[in-house]
Amino acid sequence: MMGQSTGGFSDAGLRRLREVLARHVESGKIPGLVALVSRGDRTHVEALGTMRHDGGAPMRRDTIFRMASVSKPVTMAAAMVLLDECRLRPDDPVDEWLPELADRKVLKRPDGPLDDTVPADRPITVRDLLTSTLGLGMDFELLNAPIRAALFEATDYGVASGPAPDPDEWMRRLGELPLSYQPGQRWQYDLSHEVLCVLVARVTGRPFGTFLRERVLDPLGMTDTGHHVPAAEIDRLPPLYGPDPRTGEFLVWDEAEGGRVSRPPVFQGCALVSTVDDFHAFFRMLLNHGVHQGRRILSRPAVELMTTNCLTPEQQAARDSMYRNIAHLSAGLALHGGWGYGMAVRTRRSDYAPVGQFGWDGGTGTTVYADPANQLTGILLTQTGMSTPAPARLFHDFWTTLYQALDD
C-alpha cells in the first residue's frame, strides 16, 4: 500500500508545467486552455490562450467548457445516491423501469445481420448499466458491423446528428435493436451511461437534471455545471472546434450563442458543461471518501465502488485490445487497465501516474483525474475536440509534467 502524501508542488515544477502548456498553445494547435492542479491544501490554476482560434477574449478561470465524457463520473453519482438509499439494487433487472429493454434478443455474431438472433440468457441489470456491460455500445471492433450503423442511426445525437429526442422516444428506438453481446459479457463504451440517466429519471419520477442538481451539484456548490449555459453566461463559453484531421483547419463543431448547449436539451444525459473549480469540488469529494466541506454527498463504500476496477479479466482484455489499436492516435489514452463506474481506474503502471488513479478524458478536449496515493487532482480543459492527435498529446504532456512537479 502506497503511503499518502500531503505535500504540495515545487515552484520549479509548476513553472515547467506552465511552460509545457504554453508550448502547446503557441503551437497554434490548441487555441486556449484552463488547467487546475491541487494537492493537499494547495491549488494552482493556469489560464492560457484565447476563447477563439483567431484571438478574441482570453481564457479565464471561470470559462465554461463542454465536458463530454468527463461528465460520466458526475452523472454516475446520481445513480449512486439511489444505491445508497436502496432505491436501486445492482443485480435487479431494469425491466420494471425500462420495459423497452425487457426480453432482449442478442445477435448470434456481433458483426452479423440484425435478424439473426437468439434470446438473451438473462435480463439486463442495474449492474450492467453501472459497469458498461449492457451488451450494446461503442465498440471499435464493430465499426463496420450492421449493429453499429443501426445503433448510430437510432441513438447517436452527436455534433453532426442534431438534438436527441425526448427520453421515451430515445428508449423506444433503442428497444427495437438487438444486443451485440449477452448482458454482462463485454465492456462497451458510452451507451449504458445514457441509459442510466433515463433509469435515474424514471426511478425518481423527476427529470434527470433536476435530481442531479438537487442531490449532487447544489450540495457541492457546482453552480456552473449543468446541461446548458444560461443566456446571461454564454460569453463565458468558447466555441467548440474539431480541427480537420488532414489540414488542421479549425472547423467549428458547435458555436456558443445559438449552439447546442445554449438552451436546455430535451434529452438530459451525460453531456454536461462545467468549469475547473466545479469539477475540482467533485473530484476532491471523491478523494475525501464522499464528503464535501463536512457534508456527506455519497457513502464511503459508494465512492469505493465507483473508483475500483469492476471488470473481469476477460472484459478487461477486450477493453485493452479495443484501445490498443488506437493508442498511436491518442498518445496512449485509455490504456489504464481497469474501469470503475463511469471512469477509468488505473490497475497497472504504464506511465507516470500510479495504480489507483481514477478519472477520464472527453472528446471535446477535456481530461480530469484524481490520485488517492498522492492526494492529487488534475483538470485540463480545452475547446479543441479530439479529431487530431493534438489534444491527446497535450494531455500526455500535462500529466507527465504534473507528476514531476510533486514536491515531497
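Residues numbered from 1 in each chain as written. Predicted model: local features only at pLDDT ≥ 70, side-chain atom pairs only at ≥ 80, totals over all residues. Heavy atoms only, no water.

## Side note on the environment of V74
- By the secondary structure assignment, V74 is in helix α2 (residues 72-84).
- Under the relative-accessibility criterion, V74 is labelled buried at 0%.
- Along the primary structure V74 and F279 are separated by 205 residues, whereas in three dimensions their C-alpha atoms are 8.7 Å apart.
- Not counting the four nearest positions on each side in its chain, V74 is found in contact with L212, V216, L217, M222, L272, F279 and F282. (Helix = DSSP H or I, 4+ residues; strand = E, 2+ residues; numbered from the N terminus. Buried < 20%, exposed > 50% of the residue type's maximum accessible area, 1.4 Å probe, protein only. Contact = heavy atoms within 4.5 Å.)

## Considerations on empty space enclosed by the protein
- Under the counting rule described, the total for this entry stands at three cavities of 30 Å³ or more.
- Approximately 60 Å³ is the volume attributed to the largest cavity.
- Considering the residues around the largest cavity, the lining is formed by L136, G137, M138, D139, L142, I147, R148, L151, S180 and Q188.
- In terms of residue class, the lining of the largest cavity is built from five nonpolar, three polar and two charged. (1 Å grid on protein atoms, 1.4 Å probe; cavity = no way out; pocket = protein on both sides within 12 Å on 5 of 7 lines; lining within 4 Å. Points joined across faces, edges and corners; volume = space filled by probe spheres on them. Nonpolar A, V, L, I, M, F, W, Y, C, P; charged D, E, K, R; others polar.)

## Structural notes on the pattern of salt bridges
- Going through the model one piece at a time under the given rule, you end up with 32 salt bridges.
- R39 is the partner of D408 in a salt bridge, and the nearest nitrogen-oxygen pair spans 3.0 Å. Of this pair, D408 sits in the segment after β18 (406-407) while R39 is found in strand β2 (residues 32-39), placing the two residues 369 residues apart along the sequence.
- With relative accessibility at 72%, the residue D408 sits in the exposed group.
- For E304, the salt bridge goes to R300, with nearest N and O atoms at 3.2 Å. With E304 and R300 both in helix α9 (residues 300-306) and four residues apart, the pair spans about one turn of that helix.
- You can call R300 partly exposed: its relative accessible area is 41%.
- Ionic contacts of the salt-bridge type, sharing partners, join the residues R60, D62, D224, E233 and R236 into one network. (Salt bridge = Lys/Arg side-chain N within 4 Å of Asp/Glu carboxyl O.)

## Some thoughts on helix α8 (residues 276-287)
- The end-to-end C-alpha separation of α8 is 16 Å, in line with the 16 Å expected for twelve residues at 1.5 Å each.
- Most of α8 sits inside the fold, with ten of its twelve residues counted as buried.
- Directly beyond the C-terminal end of α8, a positive phi value near 60 degrees is found at H289. (Expected span 1.5 Å × (residues − 1).)

## Notes on the state of the cysteines
- Taken as a whole and assessed by the stated rule, the structure comprises zero disulfides.
- Unpaired in terms of disulfides, C197 finds its nearest cysteine sulfur in C270, a separation of 3.8 Å.
- Residue C197 is classed as buried on the basis of its relative accessible area of 3%.
- Not engaged in a disulfide, the cysteine C310 finds its nearest cysteine sulfur in C270; these two sulfurs lie 15 Å apart. (Disulfide = S-S within 2.5 Å.)

## Remarks on the pairing of strand β3 (residues 42-52)
- Pairing of β2 with β3, which is carried by eight bridges, proceeds in the antiparallel orientation. Bridging from a neighbouring strand, L33 pairs with L48 of β3.
- Between β2 and β3, which pair antiparallel in sequence order, lie two residues; one of them, G40, sits at a positive phi of approximately 60 degrees.
- The sheet contact formed by β3 and strand β4 (residues 55-58) spans two bridges and is antiparallel. (Pairing = 2+ DSSP bridges.)

By themselves, these observations are geometric and do not establish any function.
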